[in-house]
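Tertiary structure, described
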Amino acid sequence: MLHDNLSVNAAGHLTVNGADTVELAEKYGTPLYLLDEDRVRAKCRTYLRAMKEYFGPESHPLYASKALSFKGIYKIASEEGMSVDVVSPGELYIALAAGFDAGNIYFHGNAKTMDDIRFAIDSGLGYFVCDNETELRRISDYAVEKGIRQKILLRLTPGIDPHTFDAVNTGKVDSKFGSAITTGQAEAITKLAMDMPGIELRGFHCHIGSQIFDEKPFCDAADLMMTFLVMLRDKYGFTASTLNLGGGIGVRYTEADPYIDIDSTLKLIGAHLHKICDENNFPMPQVLMEPGRSLVADAGVTIYTIQNIKNIPGFKSYTAIDGGMPDNPRYALYGSRYTVLLANRADEAAEVPFTVAGRCCESGDLIGENMLLPKDPKVGDYLAVLVTGAYNYAMASNYNCIPRPPIVMIADGKDTLAVRRETYADLMGCHN
Ligand code: LLP
């Protein structure tokens with residue numbers, strides 16, 4: 001199996017964290033998002049321990065909650081001692097409603113409105129990751145009005161291409177995010193921030209991309225960011241205390257993807273950073289990282305029911321399921337690869353290629369092409385798509401007026417409904 005929380009039981013059924021996915025499909029209906037809570041917690045602990053050990057006692061991960069945002073996940077993050085990154089007032093609202101400590105929230109985004117800034121500061125937000133000069137001035141003005149100095153990190157673009165696909169590559173100079181170091185804009189905005197009455201500049205942030213499978217791009221980013229930090233100290237006498245290296249550690253979606261070990265990757269990045277700091281006689285900063293995908297992706301599995309099988313002689317075979325791009329738009333958007341199997345026949349060899357089609361009225365609504373399934377899949381078989389914990393529910397829509405599926409969490413052998421299935425009435429919830 002692709003990941004060690006997946007297995008096949010005596011009935012030939014796929015299990016997730018020990019739970020029989022066929023029984024869960026029958027109990028909750030399909031489509032159904034399953035989330036292995038124990039796996040998410042274990043990943044949080046790995047990041048928390050490794051970052052302290054390899055970067056220093058103040059260093060810690062922030063959960064990039066854009067990957068999967070619902071009330072229960074913020075409770076888990078809070079219980080595990082994680083901080084979180086939010087990218088919108090909506091994510092902030094849900095985190096606060098879940099009881100998450102505002103002081104441990106970092107608010108991202110390249111187009112924050114004045115309302116967003118007021119809402120965040122009024123809620124006692126810990127940090128803004130400030131993207132640009134307009135935002136900087138807005139934060140400072142409102143902080144002054146409230147009589148506080150707001151802690152921020154400035155987002156920089158170090159100009160790294162981590163050889164990932166363009167849609168998720170955000171650290172290059174030509175980017176809608178942050179200020180580029182090479183153009184001098186990073187230095188200019190830093191000077192501005194240092195002198196603003198409502199701003200407490202703690203340090204700098206970069207995020208170089210997503211689905212990265214080795215430490216090298218992070219070390220390259222650390223080199224460029226540390227060169228900038230050393231320059232600031234030498235030129236302005238300003239020693240930044242925090243360096244946020246963003247998210248991006250990759251996840252295995254198919255057998256073709258490599259496996260990346262989080263602990264040993266962080267160890268290598270930590271050793272690299274200590275070396276740069278020693279060489280420059282610079283105090284090791286507090287290091288933050290923002291994993292999203294690598295915390296939740298391989299904890300998720302989606303279960304569908306096959307509704308139709310179609311063979312086109314001389315062409316290919318389709319299986320059509322009761323979900324698709326509304327609950328998982330990643331193939332339609334990025335051509336992302338997934339692994340599928342039949343949850344009720346998980347012990348049978350996968351040998352016949354199928355195109356797995358969704359139920360939307362749109363031919364690009366596919367989960368994937370050339371996906372291997374056992375011979376002769378049947379209407380009513382349960383189709384499992386593996387590694388759907390990140391950017392599936394988070395990116396889900398109601399396209400074609402299809403209600404979003406529920407999320408069921410599995411912990412300690414028990415299943416809990418964390419998000420209920422949307423109803424048809426929910427579809428009209430905002431209609432006059
Ligand atoms: N921090 C920042 C500033 C980010 O922009 C992102 C992701 C992360 C952290 C988390 O990165 P991760 O650890 O999850 O790779 N919808 C796309 C992914 C977009 C990622 C955007 N930024 C997908 O489905 O692949």
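Note that the coordinates shown come from a computational prediction; the quantities given were computed from them, not determined experimentally.

Description of the sheet that holds strand β3 (residues 19–20)
- Reading across from one edge, β1-β2-β3 is the order of the 3 strands in this open sheet, with antiparallel pairing throughout. Lying at the two open borders of the sheet, with one neighbouring strand each, are β1 (6–8) and β3.
- Pairing analysis gives 2 bridges linking strand β2 (residues 14–16) to β3, with the strands arranged antiparallel. Bridging across to β3, valine 16 finds its partner in alanine 19.

Topic: the state of the cysteines
- Following the criterion strictly, the structure yields 0 disulfides and no others.
- Cysteine 361 takes part in no disulfide bond, and the closest cysteine sulfur to it belongs to cysteine 360, at a distance of 8.3 Å.
- Residue class for cysteine 361 comes out exposed when judged on its relative accessible area of 70%.
- Cysteine 360 provides the cysteine sulfur closest to cysteine 401, a residue in no disulfide bond, and the two sulfurs are 10 Å apart.

Overview of the side chain of glutamate 135
- Looking at the element boundaries, glutamate 135 is found in helix α6 (residues 133–146).
- Of the residues examined, glutamate 135 reaches a relative accessible area of 2% and is grouped as buried.
- Side chain to side chain, glutamate 135 and lysine 112 meet in a polar contact 2.6 Å long.
- Excluding its chain neighbours within four sequence positions, the residues that come into contact with glutamate 135 are Gly109, Lys112, Ile117, Phe128, Val129 and Cys130.

Definitions and limits used
Sequence positions are assigned chain by chain, starting from 1 and proceeding in written order. Residue-level local features of this predicted model are given only where pLDDT is at least 70; pairs of side-chain atoms are given and counted only at 80 or more, and the full residue set underlies all totals for whole chains, interfaces and linings. Calculation of side-chain values draws on the structure's entire complement of heavy atoms; hydrogens and water are dropped beforehand. Pairing between strands is defined by DSSP: at least two bridges between the two strands are required. Helix and strand assignments come from DSSP, with helices taken as H or I runs of at least 4 residues and strands as E runs of at least 2, each series counted from the N terminus. Two cysteine sulfurs form what is called a disulfide whenever their separation falls within 2.5 Å. Between buried and exposed lies partly exposed: a residue is buried under 20% and exposed over 50% of the maximum accessible area for its type, with that area taken using a 1.4 Å probe on protein chains only. N or O atoms within 3.5 Å of each other form a polar contact, as long as, within protein, one can give a hydrogen and the other can take it, and as long as residues adjacent in sequence are counted only when both atoms are side-chain atoms. Residue contacts are counted whenever heavy atoms from the two residues lie within 4.5 Å of one another.

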